[in-house]
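Chain by chain, the residues:
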Amino acid sequence: DFIQWSISSYLAGSYPVSFRYSHGSTGNNGQRPLDLYVNDVFVKTMDFTFTDSWRYYKYTELVDVNLVEGTNTIKLLVSNGYGGPNIDHMRIGKPPAVVIK
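None of these values were measured; they are calculated from a predicted model.

Trainee: Before we move on, can you summarise unusual backbone geometry with the specific residues and values?
Mentor: Positive phi, normally seen in glycine, also occurs at Asn-39, with a value near 55°. When you line up the elements, Asn-39 lands in the loop between strand S3 (34-38) and strand S4 (41-46). Positive phi outside glycine occurs at Asp-52, with the angle close to 85°. Locating Asp-52 in the fold gives a position in the loop between S4 and strand S5 (57-59).

Trainee: Break down the sheet that holds strand S1 (residues 2-9) for me, with residues and values.
Mentor: Here we have four strands laid out as an open sheet, ordered S1-S7-S3-S4, and antiparallel in their pairing. Because the sheet does not close on itself, it has two edges, and the strands there are S1 and S4. Ignoring which end each strand starts from, the neighbouring axes of this sheet average 20° apart. Sheet analysis places S3 next to S4, joined by five bridges and oriented antiparallel.

Trainee: Got a sec to walk through the pattern of salt bridges? Specific residues and values, please.
Mentor: Considering all chains together, one arrives at two salt bridges under this definition. With a shortest N-O distance of 2.6 Å, Asp-88 and Arg-20 are connected by a salt bridge. Within this pair, whereas Asp-88 is found in strand S8 (residues 86-92), its partner Arg-20 is found in strand S2 (residues 13-22), the two being separated by 68 residues in sequence. On the accessibility criterion, Asp-88 (39% relative accessible area) is partly exposed. For Arg-20, a relative accessible area of 26% corresponds to the partly exposed category.

Rules and cut-offs
- Residues numbered from 1 in each chain as written.
- Predicted model: local features only at pLDDT ≥ 70, side-chain atom pairs only at ≥ 80, totals over all residues.
- Heavy atoms only, no water.
- Helix = DSSP H or I, 4+ residues; strand = E, 2+ residues; numbered from the N terminus.
- Pairing = 2+ DSSP bridges.
- Axes fitted to C-alpha atoms, helices over the stretch in contact; angles between N-to-C directions.
- Salt bridge = Lys/Arg side-chain N within 4 Å of Asp/Glu carboxyl O.
- Buried < 20%, exposed > 50% of the residue type's maximum accessible area, 1.4 Å probe, protein only.

This is how it looks when you write it as structure tokens:
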């Protein structure tokens, strides 16, 4: 099982990505690891940890990935028999700053 995106980049370079997800199962010690690939090259195994509910979403840590100019493929692939979390979306770039007054 996997989820895959095709994205266009106007400039080649390193870009931070993160994924918004939910994960409501405590099986496998609350872990649902997924392998991250960019343009069919393995980047790292990402830990998607228990979020307390399938309805509670959070973001993964930022991971720097190298994109080429033009079309790029980003894929998350299930790396064990437990399946993956619910992926809501992928974010490219750093999140906006939070201002607390």
